[in-house]
Every structure is written in structure tokens, then in C-alpha cells.
Amino acid sequence: MSKVDRRILKSQEAIKKAVIELMSEKSFDSITIQDISDRADVHRATIYLHYTDKFDLLDKLIEERINEMREMNEYVCEMDWREANLVYFEYFERNYLFFSTMLASKGAPSFRTRFLEFLIEEYKAEVDVNEEKNHGLNEEIMGCFMGTAFVGIVEWWISKGMPYSPEVMASQVGILLERVV
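All of the points below concern the structure found in this document.

Parameters and conventions
Residues numbered from 1 in each chain as written. Predicted model: local features only at pLDDT ≥ 70, side-chain atom pairs only at ≥ 80, totals over all residues. Heavy atoms only, no water. Helix = DSSP H or I, 4+ residues; strand = E, 2+ residues; numbered from the N terminus. Expected span 1.5 Å × (residues − 1). Buried < 20%, exposed > 50% of the residue type's maximum accessible area, 1.4 Å probe, protein only. Contact = heavy atoms within 4.5 Å. Phe/Tyr/Trp six-rings, centres within 6.5 Å; stacked < 30°, edge-to-face > 60°. Axes fitted to C-alpha atoms, helices over the stretch in contact; angles between N-to-C directions. Parallel < 35°, antiparallel > 145°, perpendicular 65-115°, else oblique. Left-handed = near helix turned anticlockwise from the far one by under 90°. Nonpolar A, V, L, I, M, F, W, Y, C, P; charged D, E, K, R; others polar. Patch = residues over 30% accessible without salt bridge, like charges linked within 9 Å, V, L, I, M, F, W, Y side chains within 5 Å. Areas by Shrake-Rupley, 256 points an atom, 1.4 Å probe, with all protein chains shown as cover. Salt bridge = Lys/Arg side-chain N within 4 Å of Asp/Glu carboxyl O. Core = buried A, V, L, I, M, F, W, Y, C linked by side-chain atoms within 4.5 Å.

## Considerations on helix α7 (residues 109-126)
Then, number 1: The end-to-end C-alpha separation of α7 is 26 Å, in line with the 26 Å expected for 18 residues at 1.5 Å each.
Then, number 2: Buried within α7 we find Phe111, Phe115, Leu116, Phe118, Leu119, Ile120, Glu122 and Tyr123.
Then, number 3: On its buried face, α7 is in contact with α4 (54-76), α5 (81-94), α6 (96-104), α8 (139-159) and α9 (166-180).

Below, the structure is given as C-alpha cells:
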């Protein structure tokens, strides 16, 4: 695998950071490539070198976060619910600007949809409909319920300015998920 030039990585990170910051200030529709270029302190051509347009940039940014969560899930799936949730809530805290912007932004409803789809897919693997307490329940409905509840609690936590620590959130949500699964 060839090494990526650090200048390229630095430019891409500046571009991604710029679009997130701008989305926290105004609607995605009103953001221009020039706005992103100015904020990131790169030429417009640099943006077009990496992305076809601002929609491609947003899509790649969303895909990057979903992939990071997918990678995290590969190792947290062996943990109990509380430990696994702690990894996620610490991740949300570290990436507060991204999640607060994407979950609150009217310009990026696609993120919420993709986040929910990712969670439903992951929860399906955790649901055991053969357990006595789950007898008669549909796997798809359970996955949808759990995914929707998790997205909702993350939105609530972030929109309230993270009033509880990641540890408290992980413990509380872990207990609730253990009751469902």
C-alpha cells in the first residue's frame, strides 16, 4: 500500500473540518465551494481534486464516520452493552461538532438515515428471537426499535449539550438495551 502524502491528508482534513464548521453556522444549501475553500485555506481546485462537488464531499464525510463506527463495532461486539456503549459515547463526545451538526442540520438528513440503517444492521446480529423473553417478536422490528431508540438518545444527549458523562450514558443505555435483548 502506497503512502499518502501528508500534505494531501492535511488538505483533506482541513476541507472536512471546514464543511462541518460551516454547516454548524448555516444551511448546507447556502454553503458554496468558495466558502469551504476560504475556511479551509485551500484553493477551490484542491477541493475539486478530491471531490466532485459539495454533495460528494458531504457523502464521503458521512461514509467515513459510518465506516469508523463499523470498525469500532468489530471489536466492541465482544463486550457487554455498557462497555460497548462507552466506546461509542466517548467517540460521540470526541466528535461532538460532527454529530451535533449532522444530527441537527436540515441540510444533512441523509446522515441520520445512514446512521439509523447502520445501527439496525448491527443490532440484527445481536437480537436473539429464540430467547424466552423475545418469543414471538420479529427480528426486524426489534432491530428497528433498538436502532431508533439509540439514535434518539444520541440526538437528545448531543442537543442538550451532553449533560451526562459518556460513562453515565453508556451505563444507562446499556441497562436499557440489556432489558430489550
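## Details of the packing of aromatic side chains
Then, number 1: The tally for this structure, following the rule as stated, stands at 19 aromatic pairs.
Then, number 2: Residues phenylalanine 92 and phenylalanine 150 carry aromatic rings whose centres are separated by 6.2 Å and whose planes lie at 55 degrees to one another, so their mutual orientation is tilted. A residue pair is termed long-range when its members are at least 10 positions apart, and phenylalanine 92 in helix α5 and phenylalanine 150 in helix α8 qualify at 58 residues. Each member of the pair, phenylalanine 92 together with phenylalanine 150, is buried.
Then, number 3: Taking the centre distance of 5.7 Å and the plane angle of 70 degrees together, the rings of phenylalanine 99 and phenylalanine 111 count as edge-to-face.

## Quick look at the packing of α4 against α7
Then, number 1: For the pair α4 and α7, the least separation of the axes is 10 Å and the interaxial angle reads 20 degrees. By the angle between their directions, the pair α4 and α7 is classed as roughly parallel. Considering how the two elements wind past one another, α4 and α7 form a crossing that is right-handed. Taken together, the residues of α7 that come into contact with α4 (itself represented by Asp59, Ile62, Glu63, Ile66, Met69, Arg70 and Asn73) are Ser110, Phe111, Arg114, Phe115, Phe118, Glu121 and Glu122.
Then, number 2: When the residues that make up the contact of α4 with α7 are grouped by side-chain class, the tally is six nonpolar, two polar and six charged.

## Section: the packing of α7 against α8
Then, number 1: The geometry of α7 relative to α8 is characterised by a closest axis approach of 8 Å and an angle of 135 degrees between their N-to-C directions. In terms of axis orientation, α7 runs oblique to α8. Considering how the two elements wind past one another, α7 and α8 form a crossing that is right-handed. Facing α7, whose interface residues are Arg112, Phe115, Leu116, Leu119, Ile120, Tyr123 and Lys124, α8 presents Glu139, Glu140, Gly143, Cys144, Met146, Gly147, Thr148, Phe150, Val151, Val154 and Glu155.
Then, number 2: Classifying every residue of the contact of α7 with α8 gives ten nonpolar, three polar and five charged.

## Looking at a nonpolar patch on the surface
Then, number 1: Together, Trp156, Tyr164 and Val168 make up an exposed nonpolar region whose accessible area comes to about 280 Å².
Then, number 2: With respect to the helices, strands and loops of the structure, tyrosine 164 is situated in the loop between α8 and α9.
Then, number 3: On the basis of relative accessibility, which here comes to 44%, the residue tyrosine 164 falls in the partly exposed class.

## Observations regarding the nonpolar core
Then, number 1: One finds Ile36, Met69, Phe89, Phe92, Phe111, Phe115 and Phe150 to be the most contacted residues of the largest nonpolar core, which totals 54 residues.
Then, number 2: Contributing elements (two or more residues each) for this core: α1 (6-25), α2 (33-40), α4, α5, α6, α7, α8 and α9.
Then, number 3: Of the residues forming this core, the biggest block, eight residues, is contributed by α4.
Then, number 4: If we ignore the near neighbours within four places in the chain, the residues touching phenylalanine 89 are Phe150, Ile153, Val154, Trp157, Pro166, Met169, Ala170 and Val173.

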